[in-house]
Amino acid sequence: MNRREFLKTATTGVVAATVISPWLGGCAPSVTRSQSGRLKLSFQPCDLKLKHPFTVAVNTRTHTPDVQVQLEYDGIIGYGEASMPPYLGENQESVCKFLGSLDLSQFTDPFRMDEILEYVDSVAPNNRAAKASVDLALHDVVGKLLGAPWYKIWGLSPEKTPDTSFTIGIDTPEVVRQKVEETTPYNIIKVKVGVAGDKETIEIIRSMTDKPLCVDANQGWKDKEQALEMIHWLNERNTLFVEQPLPKEMIDETAWLRERSPLPIIADEFLQRLPDIKRAEGVYDGINIKLMKSTGMREAYQMVTLAKALDMKLMIGCMTETSCAVTAAAQLAPLMHWADLDGNLLIEDDPFEGMQIVKGKVTLPDRPGLGVIPIKG
Ligand code: MG
């Protein structure tokens with residue numbers, strides 16, 4: 001198949017899956033061998049099965065869409081992933097279309113990461129998760145060529161990783177109680193709020209455990225005075241911070257809230273990439289960095305540097321995704337105040353082994369690149 005035919009067939013997820021080998025089933029690696037000394041990208045859409053159906057007001061989800069990526073260079077395979085929650089505007093078709101439009105075979109030196117990733121970013125606007133999948137796979141290739149994990153390449157100390165939080169969603173009192181039971185291995189609990197029954201949820205959790213809470217309102221509070229009252233109430237109940245309390249458009253109100261809040265206010269939906277940090281200064285105390293928003297590890301690292309210079313708090317988050325993307329995010333964990341890296345725990349049949357949670361703490365594998373190895377099916 002020539003390049004034109006490949007691009008044509010790679011524009012839809014279903015057809016792309018026939019072009020690229022089904023790695024997740026433990027089958028043979030890529031059909032097409034790379035030209036020696038050139039980067040060769042391949043990708044495969046897949047639906048990740050959730051351990052528990054995920055219910056929101058409008059529907060119930062049993063699977064989450066994902067695209068697995070491989071980047072080959074001289075026989076070394078780098079793994080990457082795009083995970084795409086519906087609210088970020090990407091889907092398997094858009095990711096496959098974007099990846100199919102790339103020509104990475106023009107690059108012969110994977111160490112020219114800046115040049116390669118600037119090209120990827122220039123091909124089309126947005127497509128952040130698609131761009132992240134290439135960034136992750138390239139980091140994996142380069143780390144493997146160097147024989148070192150990325151936390152080592154960045155000069156970070158793996159023992160400085162924070163504890164990760166484990167998330168309890170908005171649910172019935174019975175389910176909340178059951179979820180609190182499941183938080184036993186974790187030292188920090190993240191609670192989703194933003195509805196009428198918020199205080200009841202917190203009271204249930206507090207009746208069962210005094211572990212520190214992170215509270216994520218996901219833009220659910222609409223009134224700054226009520227938000228401030230709620231934050232004071234939470235502050236008396238061992239809460240570490242509040243994430244995205246108000247809608248992202250309510251910038252003046254969030255700045256007002258931040259001035260008065262006894263707890264740090266963290267931006268999530270408000271910001272995606274490096275330039276967004278400028279808008280967050282003075283409005284939020286910190287930022288939640290996610291690789292699928294930042295276009296990958298390279299820009300995430302730059303975001304850390306800028307946020308540190310602005311004396312902002314740092315948090316690393318993830319989507320519902322495999323250990324591939326979660327372990328990539330974990331490489332940055334030693335730089336973070338807080339980590340919310342539980343996305344891989346929500347899926348069945350994780351195709352990778354990578355980062356582990358040991359006594360509640362993010363624990364990095366001592367393996368080159370991202371440090372993930374495929375689990376043979
Ligand atoms: Mg959030």
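Anyway, here's the lowdown on the structure attached to this text.

Rules and cut-offs
- Residues numbered from 1 in each chain as written.
- Predicted model: local features only at pLDDT ≥ 70, side-chain atom pairs only at ≥ 80, totals over all residues.
- Heavy atoms only, no water.
- Donors = N, O, S within 2.8 Å, 3.2 Å for Na, K, Ca; no water.
- Helix = DSSP H or I, 4+ residues; strand = E, 2+ residues; numbered from the N terminus.
- Buried < 20%, exposed > 50% of the residue type's maximum accessible area, 1.4 Å probe, protein only.
- Pairing = 2+ DSSP bridges.
- Patch = residues over 30% accessible without salt bridge, like charges linked within 9 Å, V, L, I, M, F, W, Y side chains within 5 Å.
- Areas by Shrake-Rupley, 256 points an atom, 1.4 Å probe, with all protein chains shown as cover.
- Salt bridge = Lys/Arg side-chain N within 4 Å of Asp/Glu carboxyl O.
- Expected span 1.5 Å × (residues − 1).
- Contact = heavy atoms within 4.5 Å.
- Core = buried A, V, L, I, M, F, W, Y, C linked by side-chain atoms within 4.5 Å.
- Phe/Tyr/Trp six-rings, centres within 6.5 Å; stacked < 30°, edge-to-face > 60°.
- Lys NZ or Arg CZ within 6 Å of the ring centre and 35° of its normal.

## A short note on the coordination of the magnesium ion
The magnesium ion binds to the protein through Asp216 (OD), Glu243 (OE) and Asp268 (OD), with metal-donor distances spanning 2.1 to 2.3 Å. For the magnesium ion, the single-chain donor residues occur in sequence as D-x26-E-x24-D. Of the two residues, Glu243 sits in strand β7 (residues 239-243) while Asp268 sits in the loop between β8 (265-267) and α11 (276-280), which places them 25 residues apart along the sequence. Its relative accessible area of 0% is what places Glu243 among the buried residues.

## Structural notes on the sheet that holds strand β10 (residues 313-317)
Within the open sheet, the 8 strands sit side by side as β4-β5-β6-β7-β8-β9-β10-β11. Their pairing is parallel. Two strands bound the open sheet, and with one partner strand each, they are β4 (165-168) and β11 (338-339). Across 4 bridges, strand β6 (residues 213-216) lies against β7 in parallel orientation. Its bridge partner lying in β7, Cys214 is registered against Phe241.

## Quick word on a nonpolar patch on the surface
A cluster of nonpolar side chains, namely Phe111, Leu145, Leu146 and Ile153, defines an oily patch on the protein surface of about 330 Å² accessible area. In this structure, Ile153 sits in helix α6 (residues 150-153).

## Here's the deal with helix α5 (residues 128-146)
Taking 1.5 Å of rise per residue, the 19 residues of α5 would be expected to cover 27 Å, and the 26 Å separating its terminal C-alpha atoms lies within 8% of that figure. Burial runs high along α5: 16 of the 19 residues are buried. A positive backbone phi angle near 70° is found at Gly147, which sits one or two residues after α5.

## With respect to the environment of Gln244
Among the secondary structure elements, Gln244 is positioned in the loop between β7 and α10 (251-260). Residue Gln244 is classed as buried on the basis of its relative accessible area of 0%. Distance in space between the C-alpha atoms of Gln244 and Gly220 is 8.2 Å, their sequence separation being 24 residues. When residues no more than four places from it in sequence are discounted, the contact partners of Gln244 are Asp216, Ala217, Asn218, Gln219, Gly220, Ile266, Ala267, Asp268, Glu269, Phe270 and Tyr284.

## Regarding the nonpolar core
Leu99, Leu104, Trp221 and Leu341 are the most contacted members of the largest nonpolar core, which totals 101 residues. Broken down by element, the residue count for this core peaks at 9 residues, all from α5. Once you skip the residues sitting within four places of it in the chain, Leu341 turns out to touch Thr164, Ile316, Gly317, Cys318, Val326, Ala329, Ala330, Met355, Ile357 and Val362. Listed in part, the 6 residues of the second largest apolar core include Cys214, Phe241, Ile266 and Trp338.

## Points about the packing of aromatic side chains
Both the distance between ring centres and the angle between the ring planes are used here to describe each pair of aromatic rings. Tallied over the full model, the rule gives 7 aromatic pairs. Between Phe241 and Trp338, the ring centres sit 4.3 Å apart and the planes meet at 35°, which makes this aromatic pair tilted. Remark: Trp338 occurs in strand β11 and Phe241 occurs in strand β7; sequence separation between them is 97 residues. On the basis of relative accessibility, which here comes to 0%, the residue Phe241 falls in the buried class. Looking at Trp338, the relative accessible area reads 14%, which means it is buried. Against the face of Trp256 rests Lys224, its NZ or CZ located 4.6 Å from the ring centre.

## Notes on the pattern of salt bridges
Counted according to the given criterion, the structure contains 20 salt bridges. Residues Asp121 and Arg273 are paired through a salt bridge, measuring 2.9 Å at the closest nitrogen-oxygen approach. Of this pair, Asp121 sits in helix α4 (residues 113-122) while Arg273 is found in the loop between β8 and α11, placing the two residues 152 residues apart along the sequence. Arg273 serves as the salt-bridge partner of Glu299, at 2.7 Å between the closest nitrogen and oxygen.

## Overview of the side chain of Thr327
Within the fold, Thr327 resides in helix α14 (residues 323-330). What Thr327 contacts, discounting residues up to four positions off in sequence, is Gly354, Met355, Pro365, Leu370 and Val372.

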